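Examining the three-dimensional arrangement
Residues per chain, in single letters:
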Amino acid sequence: MHNRLYTILLLPAILWLSATNVLSAKQDTLSIYFAGDLMQHKAQIQSALRSDGRYDYSKCFSYVKRHIRKSDIAVGNLEVTLGGRPYTGYPTFSAPDEFLFAIRDAGFNVLMTANNHCMDRGRRGLERTIGMLDSLKIRHAGTYVDSDERRHDYPLLVEKKGFRVVFLNATYGTNGIPVGEPNIVNFLDKEQMKKDILKARLMRPDVIIAVVHWGVEYNTKPSQHEKDLAGWLIGMGVDHVIGSHPHVIQPVELRGGENSLKKNLVVYSLGNYISNMSARQTDGGMAVRIVLKKTNGITRLVDYDCSFVWTSRPSLNGGDSFVLYPQDIDRGVLNEIERTRMDRYIDEASEIVSHM
């Protein structure tokens with residue numbers, strides 16, 4: 001069932017554009033991969049701990065890294081701090097540094113840090129996270145040591161293959177934890193976002209992408225507030241909007257008239273990319289890949305696709321690691337329990353994404 005629904009889901013984009021993945025290899029095109037929440041709950045941290053005290057995440061992304069690496073830019077939502085020991089899961093996340101190394105080695109080169117857990121370890125956690133990202137040369141947006149850093153580094157400009165991509169990132173809140181001076185967290189404040197978008201437009205971008213942390217947890221449909229905010233962002237000059245936070249996926253919407261050359265993609269929620277959540281619809285997520293093409297100096301969205309990922313845990317796979325499986329995984333790799341759970345997730349996820 002899930003294969004049929006997945007095909008139906010992709011048909012509009014394929015028929016509209018008659019585009020193929022071959023485009024991503026051309027120099028006048030750019031592909032960007034978006035992943036949802038990169039999390040580390042207590043069970044994930046414990047499973048990664050080895051007898052010598054090291055943390056091993058080598059298996060976590062082993063099956064999905066080919067998808068991540070084939071895109072020119074890979075973006076994820078880092079929903080943990082790297083606040084150092086003691087390493088903790090929910091409700092105050094602080095992941096081992098090895099988790100960030102694994103994320104980088106999987107192919108992610110841009111991470112968003114403005115989310116409701118970015119202040120879980122206070123000032124030290126925020127600043128240490130930024131320091132770790134900088135040390136590994138991973139571009140990032142959303143949180144800042146001080147106003148000078150934000151002024152210099154935000155909006156985030158990423159140049160690749162002759163494209164100038166500007167990323168914006170903001171969150172609805174920080175779980176009530178105050179942001180103390182001089183640190184800065186980007187919030188979904190229209191007055192500030194308006195200034196940021198105007199600054200982004202002055203950076204001569206080919207595309208502006210807003211990655212926003214919003215929505216209602218565990219709700220598979222966006223609220224009218226999110227729909228209106230997406231419309232406001234696009235009206236201000238943002239090209240595409242990518243959402244996270246609900247821990248479940250939500251529909252994907254392609255805006256722009258049927259005859260319009262300019263299309264705006266709105267992904268309301270990518271859900272969890274990797275986590276220890278096990279309730280139905282939270283044990284997987286969605287990855288969205290877009291392809292941009294530049295013609296005569298004009299950049300347009302010419303293709304996009306959505307694919308699902310599902311997380312297997314040691315209690316299901318009999319091993320010692322959490323393992324992320326892509327939708328196209330050879331089912332022979334999975335045991336019967338894993339196949340049943342993954343197929344259930346994909347069936348339900350397909351229904352969610354295809355019904356706006």
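Residues numbered from 1 in each chain as written. Predicted model: local features only at pLDDT ≥ 70, side-chain atom pairs only at ≥ 80, totals over all residues. Heavy atoms only, no water.

1. Quick notes on the confidence of the model for the protein chain
Fine structural detail should not be taken from predicted coordinates in areas where pLDDT scores are low. Per-chain confidence: the protein chain averages 92 in pLDDT, with 91% of residues scoring 70 or above. Throughout residues 1-9 the model reports pLDDT below 50, and contacts reaching past four residues in sequence, or to other chains, amount to 19 contacts. The model gives residues 11-25 a pLDDT under 50, and that stretch makes 24 contacts with residues more than four places away or in other chains. (pLDDT = per-residue confidence, 0-100. Contact = heavy atoms within 4.5 Å.)

2. Describing the packing of aromatic side chains
Per the stated rule, a full pass over the model turns up 12 aromatic pairs. The interplanar angle of 90° and the centroid separation of 6.4 Å between the aromatic rings of Phe308 and Tyr345 together place this pair among those described as edge-to-face. With a gap of 37 residues between them, Phe308 in strand S15 (residues 298-312) and Tyr345 in helix H10 (residues 336-354) connect regions that are remote in the sequence. Residue Phe308 shares its accessibility class with Tyr345, and that shared class is buried. By way of ring pairs, the aromatic residues Tyr33, Phe108 and Tyr273 are connected into one cluster. Geometry around Phe163 places Lys294 over its ring, the cationic atom sitting 4.8 Å from the centre. (Phe/Tyr/Trp six-rings, centres within 6.5 Å; stacked < 30°, edge-to-face > 60°. Helix = DSSP H or I, 4+ residues; strand = E, 2+ residues; numbered from the N terminus. Buried < 20%, exposed > 50% of the residue type's maximum accessible area, 1.4 Å probe, protein only. Lys NZ or Arg CZ within 6 Å of the ring centre and 35° of its normal.)

3. Remarks on the environment of Asn276
Checked against the element boundaries, Asn276 lands in the loop between strand S13 (272-274) and strand S14 (284-295). C-alpha separation for the pair Asn276 and Phe322, spaced 46 residues apart in sequence, amounts to 8.3 Å. Setting aside anything within four residues of it in sequence, one finds Asn276 in contact with His41, Ala43, Gln44, Arg313 and Phe322.

4. A look at empty space enclosed by the protein
If you walk through the whole model with that rule in mind, you get 4 cavities of 30 Å³ or more. Estimated volume of the largest cavity: approximately 100 Å³. Taken together, 15 residues form the lining of the largest cavity, with Tyr154, Leu168, Asn169, Ala170 and Met193 sitting closest to its centre. Residue assignment for the lining of the largest cavity shows that the elements contributing at least two residues are strand S7 (163-171), helix H7 (190-201) and strand S9 (207-213). For the second largest cavity, the calculated volume is near 60 Å³. As for the second largest cavity, its lining consists of Phe34, Ala35, Val75, Gly76, Asn77, Met112, Val211, Ile242, Gly243, Ser244 and Leu270. Here the lining of the second largest cavity is composed, by residue class, of 7 nonpolar, 4 polar and no charged. (1 Å grid on protein atoms, 1.4 Å probe; cavity = no way out; pocket = protein on both sides within 12 Å on 5 of 7 lines; lining within 4 Å. Points joined across faces, edges and corners; volume = space filled by probe spheres on them. Nonpolar A, V, L, I, M, F, W, Y, C, P; charged D, E, K, R; others polar.)

5. As for the pattern of salt bridges
Think of it this way: side chains of opposite charge can pair up when their charged atoms draw near. Within this structure, the stated rule accounts for 19 salt bridges. Among the ionic pairs, Arg164 bridges to Glu159, the shortest N-O distance being 3.1 Å. Among the residues examined, Arg164 registers a relative accessible area of 15% and is labelled buried. Residue classification places Glu159 among the exposed residues on the basis of a relative accessible area of 55%. Linking Glu253 and Arg255 is a salt bridge whose minimum nitrogen-to-oxygen distance equals 3.4 Å. (Salt bridge = Lys/Arg side-chain N within 4 Å of Asp/Glu carboxyl O.)

6. What to know about the sheet that holds strand S10 (residues 240-244)
Strand order in the open sheet formed by 6 strands is S6-S7-S9-S10-S12-S11, with mixed pairing between adjacent strands. What marks the edges here is a single partner per strand, and that holds for strand S6 (156-160) and strand S11 (252-255). Shown here is a sheet whose adjacent strand axes are inclined to one another by a mean of 20°, direction ignored. Alignment of S7 against S9, held across 7 bridges, turns out to be parallel. The residue of S9 that forms the bridge with Phe167 is Ile209. Those strands touched by H7 are S7 and S9, and its axis lies near 170° from that of S7. Helix H8 (residues 224-236) rests against S9, S10, S11 and strand S12 (264-267) of the sheet, and its axis sits at about 35° to S11. (Pairing = 2+ DSSP bridges. Axes fitted to C-alpha atoms, helices over the stretch in contact; angles between N-to-C directions.)

7. Let's talk about unusual backbone geometry
Pro86 follows Arg85 through a cis peptide bond whose omega is -5°. Relative to the helices and strands, Pro86 resides in the loop between strand S2 (73-78) and helix H4 (97-106). Phi at Asn175 takes a positive value of approximately 60°, unusual for a residue other than glycine. Relative to the helices and strands, Asn175 is located in the loop between S7 and strand S8 (184-185). Residues other than glycine seldom take positive phi values, yet Arg204 does so here, at roughly 55°. As for its placement among the helices and strands, Arg204 is situated in the loop between H7 and S9.

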